[in-house]
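One-letter residues, chain by chain:
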Amino acid sequence: MTARFTPTSRRAAFGAIAAACAALALSGNALANTWPEKTVTLVVPYSAGGPTDVVARLLAVPMGQSLGQTVVVENTVGAGGTIAPARVAKAKNDGYTILIHHMGMATAPALYKKLPYDPLKDFEYIGQVLDVPMTLLSRKDFPASNFQELQDYVKKNPDKVSLANAGIGAVSQLCGMLFMHQLGVKLTTVPYKGAGPAMNDLMGGQVDLLCDQTTQTAPVIQDGKRAKVFGVTTPQRLSSMPDIPTLDEQGLKGFDVKVWHGMYAPKGTPRDVIAKINKALNVAIKDENVKKRIAELSSDLVSPEKATPEGLRKHLEVEVARWDKVIKAAGVSAE
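Figured I'd write up the structure that's included with this text. (Residues numbered from 1 in each chain as written. Predicted model: local features only at pLDDT ≥ 70, side-chain atom pairs only at ≥ 80, totals over all residues. Heavy atoms only, no water.)

**Side note on unusual backbone geometry**
Definition in use: Only DSSP runs of H or I with at least four residues qualify as helices, and only runs of E with at least two residues qualify as strands; both kinds are numbered from the N terminus onward.
Omega for the peptide link from tryptophan 35 to proline 36 comes to 0 degrees, which places this bond in the cis form. Mapping proline 36 onto the fold places it in the loop between helix 1 (7-34) and strand 1 (40-44).

**What to know about the state of the cysteines**
Where we set the bar: Throughout, a disulfide means two cysteine sulfur atoms within 2.5 Å of one another. Buried, partly exposed and exposed residues are distinguished by accessible area as a fraction of the type maximum, computed with a 1.4 Å probe on protein chains only: under 20%, between the cut-offs, and over 50%, respectively.
Per the counting criterion, the structure on display carries one disulfide. Paired by a disulfide, cysteine 175 and cysteine 211 hold their sulfur atoms 1.9 Å apart. Linking cysteine 175 and cysteine 211, the disulfide has an S-S dihedral of approximately 55 degrees and is accordingly described as right-handed. Linking cysteine 175 in helix 6 (residues 171-183) with cysteine 211 in strand 7 (residues 209-213), this pair joins segments that are 36 residues apart in sequence. A relative accessible area of 1% means that cysteine 175 is categorised as buried.

**As for the packing of helix 4 (residues 104-111) against helix 11 (residues 309-330)**
Keep this limit in mind: Every angle, taken between N-to-C directions, lies between 0 and 180 degrees, and every axis is a line fitted to C-alpha atoms, over only the stretch in contact when it is a helix. Any angle that falls under 35 degrees is termed roughly parallel, while one over 145 is termed roughly antiparallel, one within 65 to 115 roughly perpendicular, and all others oblique. The hand of a helix crossing depends on one turn: near helix anticlockwise from the far one by less than a right angle means left-handed, and clockwise means right-handed. Working rule for contacts: check all heavy atoms of both residues, and any pair within 4.5 Å makes them a contact. Polar here means any residue other than Ala, Val, Leu, Ile, Met, Phe, Trp, Tyr, Cys and Pro, which are nonpolar, and Asp, Glu, Lys and Arg, which are charged; Gly is therefore polar.
With their axes 8 Å apart at the nearest point, helix 4 and helix 11 run at an angle of 40 degrees to one another. When the interaxial angle is binned, helix 4 and helix 11 end up oblique. In terms of crossing hand, the pair formed by helix 4 and helix 11 is right-handed. Across from Met105, Ala106, Thr107, Ala110 and Leu111 in helix 4, the residues of helix 11 making contact are Leu316, Glu319, Val320, Trp323, Asp324 and Ile327. A breakdown of the residues in the contact of helix 4 with helix 11 according to their chemical character gives eight nonpolar, one polar and two charged.

**Side note on the environment of proline 245**
Along the chain, the position of proline 245 falls in the loop between strand 8 (227-232) and strand 9 (258-266). Between the C-alpha atoms of proline 245 and phenylalanine 147, which are 98 residues apart in sequence, the distance is 9.5 Å. Those residues in contact with proline 245 that sit more than four places away from it in its chain are Gly231, Val232, Arg237 and Gln250.

**Here's the deal with helix 2 (residues 51-67)**
Note the threshold: Expected helix span is taken as 1.5 Å per residue step, with the number of steps being one fewer than the number of residues. Bend is the name given here to the angle between axes fitted to two runs of seven residues, the run ending at a residue and the run starting at it.
Taking 1.5 Å of rise per residue, the 17 residues of helix 2 would be expected to cover 24 Å, and the 24 Å separating its terminal C-alpha atoms lies within 8% of that figure. Helix geometry: helix 2 is bent most strongly at alanine 60, by close to 30 degrees, with proline proline 62 lying one to four residues after it. Looking only at helix 2, the buried set comprises Thr52, Asp53, Val55, Ala56, Leu58, Leu59, Ala60, Pro62, Met63, Gly64 and Leu67. Within two residues after helix 2, glycine 68 carries a phi angle of roughly 80 degrees, on the positive side.

**Comments concerning the side chain of threonine 107**
One can find threonine 107 in helix 4. Excluding its chain neighbours within four sequence positions, the residues that come into contact with threonine 107 are Leu174, Trp323 and Ile327.

**Some remarks on the side chain of arginine 139**
Convention followed: N or O atoms within 3.5 Å of each other form a polar contact, as long as, within protein, one can give a hydrogen and the other can take it, and as long as residues adjacent in sequence are counted only when both atoms are side-chain atoms.
Here arginine 139 shows up in strand 4 (residues 123-139). Of the residues examined, arginine 139 reaches a relative accessible area of 16% and is grouped as buried. In this structure the side chain of arginine 139 is engaged in a polar contact, spanning 2.8 Å, whose partner is the side chain of aspartate 141. A polar atom in the side chain of arginine 139 sits 2.6 Å from the side chain of aspartate 208. Apart from residues no more than four positions distant in its own chain, arginine 139 is found in contact with Leu202, Gly205, Val207, Asp208, Ala227 and Lys228.

Listed below in structure tokens is the structure:
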């Protein structure tokens, strides 16, 4: 039997739809007006004590003060940092579950064939947070005293050089991939279960090279006895290490790897709630204690225009496209 709709029944149907939409809008406004009414959970994809966890805990206190509610940090680890984003993507979109993640949000689509979320479709963007530079180190007795000698040796002896990283999907692996890509060589890569073991073996002479975050390498560089440093991975020199040249100025043009961090919420989180979280984020990155601690880590808080939903969205799009090319050219997969 074919259903027939009279003008009256059509009007009634359209009226019901309009009423439902209005009710949804009103409920969203009501949530935004009273939010937050309870604790906000900030999910971190990595273990306690790691660089991203340190940043999250620094931000949580001033953000909570701004919001008038406690912000608790939850470490949801595993699968190369992909479990936490998947959890947040599926969480209720009421603003009470948010994510802080580094550049792994941009590299995961190329690394994982079956990623359980889409970084460009399954989240609302809150804003960028900070950039952590990286440095390229070698064991202390490596046969090169400057970057030009390092390039020459690596190109002539690629089968003799080992490049350590903190594991598949780690930023140290990504930095190493870009290094090999721009030099046009393939080195023996040695994955570790974390940056600590990789650094220990570099200082012990078991591996030749390592590219890692300043939060891990700064003490070793300042010591000056346990490893050699060949350059920083940002386009500009670091104010905390002004005597160390960039890889870009030494010939690797366009070499730019920093461990940028962003904050996300589940797709569909009301705009007014996102605005409140973004305001709290901006309060936090202007906090004097946060600025002091971040500077001590040789890292940089982002400018106000980057600490916005649009600033994070644009940056993520660019980074996804850039790392897709690098990772596919390297033929690397996390599966």
